[in-house]
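Okay, here's what each chain looks like letter by letter:
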Amino acid sequence: MCETLAKMNNKINYLLNTVRCVHRCSSVLVSQSSATTRKHFSRGSLHLPIHKNVNFRKSFLNILPSLYGSSVQFLSQRIDVSSIGAEIQPEKSTEALLSEHDPQSSLELDKWDDSGSSKERHVRDRSEPFFNSLQKCSCPSDVLDLASESAVSIKHFTNCLTTVWRLFKNLSEDQQRYERQLIFEHPAFVKLCQHLLRDCRRMTRGDLVFSLHAVVNLGVPQNTLLVQTLVRVCQEKLNQLDNRCISVLATTLTGLNKDKNVNALQAGLQLLVEQRIPSIKDIFILQNLMRCMGKDAPVFLKKKLEMAILKEIDHLTFLNAMRVFLALVAMNYCSIPILNACSKKIQENVHDVPFRQLILILEACYSLQYRNVKLFSALADYVHSTVCLWDKKQIIHFLSAFETLGFQPSELMDIFAEKVTKDPEFLNLKELLIVLRVYSRLNYVPRDQKHLFFETLHSCLNKYLPQISNTELLKAVYSLCILGYLPHRALDELLEKDSRDELLLSGDPYKETKETMLRCVKTCMELDSPSFTKPAFVLTENFSSLVSVNLRKAQEALIELLGDENMFLQNVQLPYKYHIDFEIRMDSDRKEVLPITATDVHAGSNIQRLALLFVPLSAFCVGTMHPQGKLAMKNRHLNKLGYHVILVLNKKFQEMTNEDAVEFLKGKIYSENAFSFSEVTVQDNN
């Protein structure tokens, strides 16, 4: 009987071994086929057809249905908030204990690229064949082929997954699209995901967070059982994570949408970060945490992160400076000391900043309302000095970014205007509209080629009249009128009844803005016309005897200087809907201020009218007293109406003492040159 049982057992074992052998052989054939396909793709770049309509999400779910859950929610209740920040004990999982005497690959975060992905360093025994082979893999499919042949432990699978991500992120966008399809359809990837799902609670903390990071960035859907389980396990092991793992996890969370599990992990991570901040000395980790905490982080936490960065600011590198800049945007927190330090590093290394990063820096300054003239000037000078290296679209992009900030890069605008005038076909319609907007808002016309520049832009606009929309036509004409140039043919087409009716359709959310622009165009047509002559007398209306709170100081200073309220008008309304803060009338020599009542009775050419305008800093180009387009147009039109304009920077005026304010107005009123367009430097954030 025993012999019979032994023979049966031998036959069963033989059968099982045969099945295993057949399975291994089939796996090898599939792997070799996949490797051959991959190598052909790698050598021939994108010669293979790319199926642009492939839905990778559906493909992955069809391959791996067991890992997918449409409504999986594991809101963890196991986060021990009271123990957050406690001393981290060394972690040894079952897998780690089993493989303690074997060569293994521990993943350690060394650096991160701009997208937040990690560059991994393999600390391992060089003699182990598996990790030697893994290091030689040149693409994700090679790694998966190796995994199907040789991977047997958790360390093998987690290292394979993170290596797949490391190689994948270095591919071009088109290559990634094709390679993602190969990854999701590879049988070894399914096997790898199944092992992660089964063994995730036995992983070391480093393997856990790196695996989640790789899975998310490879595009595995968030609501799969795999991703949700990894998120849940990260919740359970949150207190065991060291600072570097926290940084990886924080970066991963920025790529996930909000759901119950993610929100719970985010809340726990926020509490943990609050406790750990004093112990974190690495600026790279701190900026990752700033990005993860985001705009919704409480103010006190933002301040803690700010102080931690400032403590390490002396160790700030050029790359960290750019990352911290963008991290402050992600957190929506304007820290002037940090931004100034980052700006200084960027200025010192401006020649190493690529085009996209330059634009991101300017956009960040706009988002944070940060105005640093030295930084803007350094970037503008760099672009100007290397203008031959940039193409037309890049220069226009730079100019548009500077225009958004209100900064006038005059040398760059000069050289670009020269390119436009040399080649009238230089601009397409979209670029023409951007150029018109930039030059009009910044109130800049090339010094030596004003007429030629206007004529070139006008001819370009005329060329596009048959295809331009009414709204685009309005914007183009409005920009030219702001600069004081009247494009007659475009004006005629704009003011036709059909065009005007289409622009002012009821229900249009931009109707009011368009009405304002049309009114401005009509005002320019009349006041900037060569046939317009200065009127001998302008009818004014004292709109109100009350002045706004921010003008009361000016009112009191004028009363003290002139002796009586009857010596000036305040809150004056003029024709064409122009408004001035104060009007003063003087004799022709500008020696004596005349009472308002007397000049009303004896109005004549021997009376000079002064218009005092108290304007905000935003009405000037950043760092100068050069007025932007709308203010320059108003100044030009007030001159046409017979006024000498005095522009006063209201912020600086409010900071003066009462005595200084009186002396300041005295110097402006009795000066022969009431206003000059000379550019006066204004103190910036530094």
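That block above? That's the structure.
Residues numbered from 1 in each chain as written. Predicted model: local features only at pLDDT ≥ 70, side-chain atom pairs only at ≥ 80, totals over all residues. Heavy atoms only, no water.

Undergrad: How should the overall build of the protein be read in this particular structure?
TA: In terms of helices and strands, the protein carries 31 helices and eight strands. Among the 686 residues that make up the protein, the fraction classed as buried is 51%. Within the protein, contacts between residues at least 6 apart in sequence are counted, and of these 75% link residues at least 24 apart. Carbon and sulfur atoms provide 52% of the accessible area of the protein, an area that totals close to 33,600 Å². (Helix = DSSP H or I, 4+ residues; strand = E, 2+ residues; numbered from the N terminus. Buried < 20%, exposed > 50% of the residue type's maximum accessible area, 1.4 Å probe, protein only. Contact = heavy atoms within 4.5 Å. Areas by Shrake-Rupley, 256 points an atom, 1.4 Å probe, with all protein chains shown as cover.)

Undergrad: How should a negative patch on the surface be read in this particular structure?
TA: Where like charges cluster on the molecular surface, the negative patch consists of Glu560, Glu659, Asp660 and Glu663. At three residues, helix α31 (residues 658-669) tops the list of elements feeding residues into the negative patch. Take Asp660: it is sitting in helix α31. (Patch = residues over 30% accessible without salt bridge, like charges linked within 9 Å, V, L, I, M, F, W, Y side chains within 5 Å. Salt bridge = Lys/Arg side-chain N within 4 Å of Asp/Glu carboxyl O. Lys, Arg positive; Asp, Glu negative; His and termini not counted. Charge placed at Lys NZ, Arg CZ, Asp CG, Glu CD.)

Undergrad: How should I be thinking about the pairing of strand β7 (residues 607-615) in this particular structure?
TA: The two faces of a sheet get side chains in turn, since along a regular strand they alternate between them. Counting buried positions along β7 yields nine of nine residues, so the element is predominantly enclosed. Burial along β7 is two-sided: the face carrying Ile607, Arg609, Ala611, Leu613 and Val615 and the face carrying Gln608, Leu610, Leu612 and Phe614 are both buried. With six bridges connecting them, strand β5 (residues 579-587) and β7 associate as antiparallel partners. Along β7, the bridge assignment pairs Met586 with Gln608. In the sheet, β7 pairs with strand β8 (residues 643-649) via seven bridges, with the strands oriented parallel. Bridge assignment links Val615 to a residue of β8, and that residue is Leu649. Crossover handedness for the path β7 to helix α29 (residues 629-640) to β8: right-handed. (Pairing = 2+ DSSP bridges. Right-handed = clockwise from strand over helix to strand, strands pointing away.)

Undergrad: Even after reading the chapter, I still don't get helix α13 (residues 283-293), so can you show me in this structure?
TA: Within an α-helix, residues lying three or four positions from one another point in the same direction, as the helix has 3.6 residues per turn. The element α13 is largely enclosed, with a buried count of 10 among its 11 residues. Listed as buried for α13 are Ile283, Phe284, Ile285, Leu286, Gln287, Asn288, Leu289, Met290, Cys292 and Met293. Taking the backbone nitrogen of Phe284 as reference, a side-chain oxygen 2.8 Å away marks Asp282 as the first, capping residue of α13. Phi turns positive one or two residues past the end of α13, at Gly294, with a value near 70 degrees. (Polar contact = N/O pair within 3.5 Å; in protein donor to acceptor, adjacent residues only side chain to side chain.)

Undergrad: In this structure, what is going on with α31? I would like to understand it.
TA: Helix length check: α31 (12 residues) gives 17 Å between terminal C-alpha atoms against 16 Å at 1.5 Å per residue, within 8%. Taken together, the buried residues of α31 touch α27 (552-562), β5, β6 (593-594), β7, β8 and α30 (650-655). (Expected span 1.5 Å × (residues − 1).)

Undergrad: Would you mind showing me how to read the nonpolar core here?
TA: For soluble globular proteins, nonpolar side chains are generally found buried alongside one another. Ranked by internal contacts, the top residues of the largest apolar core, which has 180 residues, are Leu269, Phe325, Phe416 and Tyr439. Core analysis: the second largest hydrophobic core is formed by 22 residues, Ile584, Phe614, Val648 and Ala661 among them. (Core = buried A, V, L, I, M, F, W, Y, C linked by side-chain atoms within 4.5 Å.)

Undergrad: Explain the packing of helix α23 (residues 470-482) against α29 to me, please; I cannot follow it from the model alone.
TA: Helix packing for two helices is described by the angle between their axes and how far apart those axes are. Here α23 crosses α29 at 55 degrees, and the two axes come no closer than 9 Å. The angle between the axes of α23 and α29 places the two elements in the oblique class. Between α23 and α29, the residues in contact are Tyr478, Cys481 and Ile482 and Gly629, Lys630, Met633 and Arg636, respectively. Taken together, the residues of the contact of α23 with α29 break down into four nonpolar, one polar and two charged. (Axes fitted to C-alpha atoms, helices over the stretch in contact; angles between N-to-C directions. Parallel < 35°, antiparallel > 145°, perpendicular 65-115°, else oblique. Nonpolar A, V, L, I, M, F, W, Y, C, P; charged D, E, K, R; others polar.)

Undergrad: In this structure, what is going on with the pattern of salt bridges? I would like to understand it.
TA: Should the charged atoms of two oppositely charged side chains come close, the side chains can pair. A complete count under the given rule lists 16 salt bridges for this structure. Across the salt bridge formed by Glu236 and Arg201, the nearest N and O atoms sit 3.5 Å from each other. Of this pair, Glu236 sits in helix α10 (residues 225-236) while Arg201 sits in the loop between α8 (187-199) and α9 (205-218), and the two are 35 residues apart along the sequence. When its relative accessible area of 21% is taken as the criterion, Glu236 is described as partly exposed.

Undergrad: Before we go on, may I ask you to explain the side chain of His195 in this structure?
TA: With respect to the element layout, His195 can be found in helix α8. You can call His195 buried: its relative accessible area is 16%. Beyond its immediate chain neighbours, meaning those up to four positions away, His195 contacts Phe157 and Cys200.

Undergrad: Is there a simple way to think about the side chain of Gln570 in this case?
TA: Mapped onto the secondary structure, Gln570 falls in strand β4 (residues 569-573). Of note is the side chain of Gln570, whose polar atom sits 3.0 Å from the side chain of Gln555.

Undergrad: It is not clear to me how the packing of helix α19 (residues 392-405) against helix α20 (residues 410-422) should be interpreted in this structure. Could you clarify?
TA: Orientation of α19 relative to α20, taken along the N-to-C sense of each, is 140 degrees, at an axis distance of 11 Å. Considering their axes alone, α19 and α20 lie oblique with respect to each other. Handedness of the crossing formed by α19 with α20: left-handed. Every residue of α20 that contacts α19 at Lys392, Ile395, Ile396 and Leu399 is listed here: Leu412, Met413, Phe416 and Lys419. (Left-handed = near helix turned anticlockwise from the far one by under 90°.)

Undergrad: Hey, could you run me through unusual backbone geometry in this one?
TA: Most peptide bonds take the trans form, and the phi angle of most residues other than glycine is negative. For Asn332, which is not glycine, the phi torsion reads 55 degrees and is therefore positive. Mapped onto the elements of the fold, Asn332 is located in the loop between α15 (318-331) and α16 (336-348). If you check the backbone angles, Lys577 has positive phi at about 60 degrees while not being a glycine. Positionally, Lys577 belongs in the loop between β4 and β5.

Undergrad: Would you explain the packing of aromatic side chains in this entry?
TA: With the rule as written, the count across this model stands at 18 aromatic pairs. Here Phe355 and Phe398 contribute two aromatic rings whose centre-to-centre distance is 5.3 Å and whose plane-to-plane angle is 85 degrees, an arrangement assigned as edge-to-face. Within this pair, whereas Phe355 is found in helix α17 (residues 355-367), its partner Phe398 is found in helix α19, the two being separated by 43 residues in sequence. Exposure remark for Phe398: the relative accessible area of 1% places this residue in the buried category. A centroid spacing of 6.2 Å and a plane angle of 55 degrees characterise the contact between Phe653 and Phe664, whose relative ring orientation is tilted. (Phe/Tyr/Trp six-rings, centres within 6.5 Å; stacked < 30°, edge-to-face > 60°.)

Undergrad: Looking at this model, I keep getting lost on the state of the cysteines. Mind explaining?
TA: Simply put, the disulfide is a covalent bond whose two ends are the sulfur atoms of two cysteines. Throughout the structure, instances matching the rule amount to zero disulfides. With no disulfide of its own, Cys481 lies closest to Cys524 among cysteine sulfurs, the gap being 4.8 Å. (Disulfide = S-S within 2.5 Å.)

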